[in-house]
Structure formats: structure tokens, C-alpha cells
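# Structural description and commentary
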Amino acid sequence: MIKHTTVTNAEITKKYKEFLYPAVITYYQEPLPLVAGLGCHVYDAEGRQYLDFFGGILTVSVGHSNEKVLAGTIAQLKKLQHVSTLYPTAPAAELAERLAGITPGELKKSFFTSSGTEADETAVLTAQHYTGAQEIIALRHSYSGRSVLAMNLTAHAPWRVSRTLVPGIHHAHAPYCYRCPFKLQYPACDLACARDLEELIQTETCGKIAAFLAEPILGVGGFVVPPKEYFKVAVDIVHKYGGLFIADEVQTGWGRTGGKWFGIEQFGVIPDIMTSAKGMANGIPIGWTVTTAKIADGLKGLTISTFGGNPVSCAAAHATIDYIEEENIVANVTKMGAHLRNELLAMQKEFPCIGDVRGMGLMLGVEIVADRKTKAPDAKAVVKIFEETKKEGLLIGKGGLYGNVLRISPPMNVMTGEIDAAAKILRKAFAKI
Ligand SMILES: Cc1ncc(COP(=O)(O)O)c(C=O)c1O
């Protein structure tokens, strides 16, 4: 055990509870203050080590205190820290150029902000200006952030804490095969969830929409992976009614799904607008919206972002992308993701509480149920699994509308030994359910 600080877990938690909004939720019955991190590990104030298999909500994409990212970030901090979008800087210009080289299709024009919420807000604003329409289709079980608009786009009652309702947002059925809203089976379903978009547009909108905003894999929704043809069918309908397709890559970007830079590339569809944040700069705040030159031109009027394009954030993003490229991280995600998935599938055979194992790359979800036949969600078992895994030194995430999905998403440079150690702890925790 290495002690990284002189304060204790209890002292940090006491102050946190006293001086922060109680609505800021923390994991675990006794919150876990973290004081240091290295690679796939984090440390609490008492020096206990934990395997971090949630990576600050899929944000520590290439490991805590990654040497290359640190070097790029610190060098920029010493050179120029902040100027705002009122002045061009080399890190912002070079990052935008670099991104234009890895984005699918003609996505070329970037708008930098500081969070996923702002990235999605910018995308919706852009689509509304370009199309002249206002209405937006989002997916049930989706999450878009915590501005008033983003909370209205989000389709989980517990996260919709805004008391201001935004008109013109409609929620389509999610491509959630394990709990199919039409009680059908893929592929016999013929993508009923995607095809239903047409009736949704014809009956709930004025017939012309600004955009369809969707995560390639529903993140907060519990790592729900749509059937491979879903986006092709859905986006054709959206285009037919004049809308743009916004792919929210806040969780799925940067190689997380394995083999490709962006999650939507797994589905063979090119979005009109794409957003990201989280893992883009390995934990330094950044938000990003990218679109074609033609669509970007459609946004008229004045706009700034004080922290948007911050040179330090941009340098951190550049270094993160360098690392992903140089170390062929997208290949590691495919390999390690397959290994972890096989471990989880083996556990599913052993433990009846595991209803579904799903996901892509290193974005793996385990849906916990009280009964495999009825699929009754078991959020209480998840609480137990959380306490057990924490006790054994493993941190994971949770999600799903019913709070019954384990979300497992370690840093993308995770290695076999770390996956094996995590699997051993998970197996032990499942055995106690
Ligand atoms: C898919 C998705 N979009 C948007 C957001 C909002 O991002 P942020 O919390 O950085 O504002 C999140 C956050 O979890 C997300 O998962």
C-alpha cells in the first residue's frame, strides 16, 4: 500500500457531503474517495489499490497518468494556457485538421467545447439552423447530458431532473433486443424499431425534422447494441423527412468499440454530424462537434465558447490520439474486448443472475436479472455485486433504466493480466448472489 496523501477517506467524504450538492451522487454505500491513479489502477486515501474498470465513465481512455498524454499536456500548460475562441491557436487548429483526417466521410469542420452536453447542444443547434426545422428525434434509454435541452433529450426518468420542458423532442423505440419493445426476435423482427421511426415522424411531428440524435451503442442505457442494419434503415427514414443524423460518440469514440475510431463506423453509416467528449483527451475536459463544411455554414449568428478549443485540452486530445495511433490501441481493444467477453460469457453459463452479456470492444454490459425467464431486473443484486467487487479491489460502472446493468469499460490499453484479475473478482462476486 502506498499512501498518496495525509488526509483520510473519512475526512474527504465528510467534507464532500458537507459542501457539495447532495444531488451529486456517488457510488457505494460508503463513498470511495480516490487520490491517485496510474495505468488501470486508482488508489484511495488509505493507499488501497483498485482496478479501475470504469475509467471515470469511459473517459480515462489510455490509462491514468499516461506518460505521453502528460508530457503533451504539461508542455502546452507551460506555453499557453488559455485565450478563448476569440483567438486562433495552433493546438486547436492542428487538432481540428487531425480530426478531419480520421472522421468518416466529409466531416471536416470542428466546434470545440468542454463537455458532451455542450457537444450535443451544438449539434442540435447546427441541425436546426441548417434544416430550418426544429423537431428532434432521440432514442428511449438514451442519455445526452445535463443542460435543460440535454435532459429533455435524455430518456431515463431519473436523469430528467429539469423542470423546464423543451417542446419538439420525440423519443423513438430503442433497438434494445434483450427487452424488445415490440416483443419480437431479431432478425425475424425486420428491424421493427427502426421502421417505426417513419410512423413516429408522420404522427408526432409536423412531418419535417431537424435531426435524429442517437448513440451508436446506448451507454447510460446499459451498453445496448443495435442490430447491425439498424442505423442504415433508421437514417434512410430520417433523411427522407429532411433530418440530419447526429451520432453521439461521447462514449463510443476513440476506438472504444474496437478496430475503428468511431462506434458508428461499425454500422456502415456516415453521420451528418458527430459529437464526442469523455475519452477524447483522457480526462482533460473537452467537447467536440464535427460536421461537413456545408452544414457548418448553416449555423448563422454569433457564438463563442470561453473554454472551447482551450489549448491545453486540445494538446491533451492530440497526445491521446497520438498514443491510440502509435500503440495501435484499437487492435488492443478488439483483442482484450474478446478476452473479457469470453470470460463474461463463461460466467453467464455458471451464474443464473446474468441475463445478458453484450457490448462491443471494451464496452461490455452484463444485465443482472432475478429470473432469466421473466427477465425481472435485479438492481439489489447489482448493489451487492458493487460492494463485493469494491471489497476485492475492482471498480465497475452501472447503468440501464432499472439500474441493473454492470458497465465494464477499462482503459483501452488494459492488458490480459488485469482482465484476468478483474474476472476473478467478478466471478467471486457473482457467486455470492
Ligand atoms: C452519450 C452521452 N452523451 C452526452 C453525455 C454528456 O456528457 P457530459 O457529462 O460530458 O456533459 C454523456 C455523459 O455521460 C453521454 O454518455
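Residues numbered from 1 in each chain as written. Predicted model: local features only at pLDDT ≥ 70, side-chain atom pairs only at ≥ 80, totals over all residues.

What the protein contains, in helices and strands, is 13 helices and 16 strands. For a compact globule of 433 residues, the expected C-alpha radius of gyration is about 22 Å, and the protein comes in at 21 Å, within 12% of that figure. Dimensions of the protein along its principal axes, counting C-alpha atoms only, are 60 × 60 × 45 Å. When contacts within the protein are restricted to residue pairs at least 6 apart in sequence, long-range pairs at least 24 apart make up 74% of them. (Helix = DSSP H or I, 4+ residues; strand = E, 2+ residues; numbered from the N terminus. Rg over C-alpha atoms; globule rule 2.2 N^0.38 Å. Contact = placed C-beta atoms within 7 Å.)

Around the ligand, the surrounding shell holds 15 residues, and the nearest of these are Ser115, Gly116, Thr117, Gly145 and Val250. For the shell around the ligand, the element with the most residues is helix 5 (residues 116-131), which contributes 3 residues. For the shell around the ligand, the class distribution of residues is 5 nonpolar, 7 polar and 3 charged. (Near = placed C-beta within 6 Å. Nonpolar A, V, L, I, M, F, W, Y, C, P; charged D, E, K, R; others polar.)

The next point concerns the sheet that holds strand 6 (residues 169-172). What holds strands together in a sheet is hydrogen bonding between their backbones, with the strands either parallel or antiparallel. Taking strand neighbours across the sheet as the criterion, the 7 strands line up as 4-10-9-8-7-5-6 in an open arrangement whose pairing is mixed. Bordering the open sheet on either side are strand 4 (109-113) and strand 6, each of which pairs with just one other strand. Averaged over neighbouring strand pairs, the angle between their axes works out to 20° when direction is ignored. Summarising the sheet, strand 9 (residues 273-276) and strand 10 (residues 287-291) pair through 4 bridges and their orientation is antiparallel. Counterpart to serine 276 in the pairing with strand 10 is tryptophan 288. Seen against the sheet, helix 5 touches strand 4, strand 5 (136-139), strand 7 (211-214), strand 8 (244-248), strand 9 and strand 10 and runs at an angle of roughly 25° to strand 10. This element, helix 7 (residues 192-204), spans strand 5 and strand 6 of the sheet and lies at about 155° to strand 6. (Pairing = 2+ DSSP bridges. Axes fitted to C-alpha atoms, helices over the stretch in contact; angles between N-to-C directions.)

By the bridge criterion, 3 bridges tie strand 2 (residues 41-44) to strand 3 (residues 49-52) in an arrangement that is antiparallel. Paired with tyrosine 43 across the strands is glutamine 49, a residue of strand 3. The turn linking strand 2 back onto strand 3 is made up of 4 residues, and glycine 47 within it adopts a positive phi angle of 90°. Sheet analysis places strand 3 next to strand 14 (residues 394-395), joined by 2 bridges and oriented parallel.

Right, let's talk about the sheet that holds strand 1 (residues 34-38) for a bit. Reading across the sheet, the 4 strands line up as 1-2-3-14 and stay open at both edges, with mixed pairing between neighbours. Looking at the sheet topology across the chains shown, the edges are occupied by strand 1 and strand 14.

Between the first and last C-alpha of helix 12 (residues 379-391) there are 19 Å, a value that for 13 residues agrees with the 18 Å anticipated at 1.5 Å per step. What helix 12 keeps buried is the set Ala381, Val382, Ile385, Phe386, Thr389 and Lys390. Along helix 12, the residues classed as buried sweep out an arc of 165° about the axis, all on the same side. Considering only its buried residues, helix 12 is in contact with strand 12 (363-371), strand 14, strand 15 (397-399), strand 16 (405-408) and helix 13 (416-431). Phi turns positive, to about 95°, at glycine 393, one or two residues after helix 12. (Expected span 1.5 Å × (residues − 1). Buried ≥ 20, exposed ≤ 12 C-beta atoms within 10 Å, placed from the backbone. Arc of directions from axis to C-beta.)

Turning our eyes to something else, we now look at the nonpolar core. Ranked by internal contacts, the top residues of the largest apolar core, which has 117 residues, are Ala211, Leu213, Ala234 and Ile246. In terms of residues, this core owes the most to one element, helix 10 (residues 311-326), which gives 9 residues. The two domains that each donate at least three residues to this core are domain 1 (9-62 + 329-431) and domain 2 (67-326). Other than its neighbours up to four places away in sequence, isoleucine 246 contacts Ala123, Ala127, Ala211, Phe212, Leu213, Pro271, Ile273 and Thr275. (Core = buried A, V, L, I, M, F, W, Y, C linked by C-beta atoms within 7 Å. Domains from an automatic or database assignment.)

All right, on to the domain arrangement of the protein then. Entries for the protein in the domain assignment read domain 1 (9-62 + 329-431) and domain 2 (67-326). A separation of 25 Å is found between the C-alpha centroids of domain 1 and domain 2. In this complex, domain 1 contributes 29 residues to the contact, which on the side of domain 2 involves 29 residues. Elements that contribute at least two residues to the side of domain 1 that touches domain 2 include exactly helix 2 (55-58), helix 11 (329-350), strand 11 (354-360), strand 12 and strand 16. Here the element with the most residues in the side of domain 1 that touches domain 2 is helix 11; it accounts for 5 residues.

A separate point is unusual backbone geometry. Note the cis peptide between tyrosine 186 and proline 187, where omega equals 5°. Turning to its location among the elements, proline 187 is positioned in the loop between strand 6 and helix 7. In this structure, histidine 141 is a non-glycine residue whose phi angle is positive, near 75°. By the secondary structure assignment, histidine 141 is in the loop between strand 5 and helix 6 (148-153). A positive phi angle is found at phenylalanine 223, which is not glycine, with a value near 50°. Mapping phenylalanine 223 onto the fold places it in the loop between strand 7 and helix 8 (230-240). For phenylalanine 223, a count of 29 C-beta atoms within 10 Å corresponds to the buried category.

Let us now look at helix 8. Among the residues of helix 8, those classed as buried are Tyr230, Phe231, Val233, Ala234, Val235, Ile237 and Val238. Buried residues along helix 8 sit against helix 7, strand 7 and strand 8. One or two residues past the end of helix 8 sits glycine 242, with phi positive at roughly 80°.

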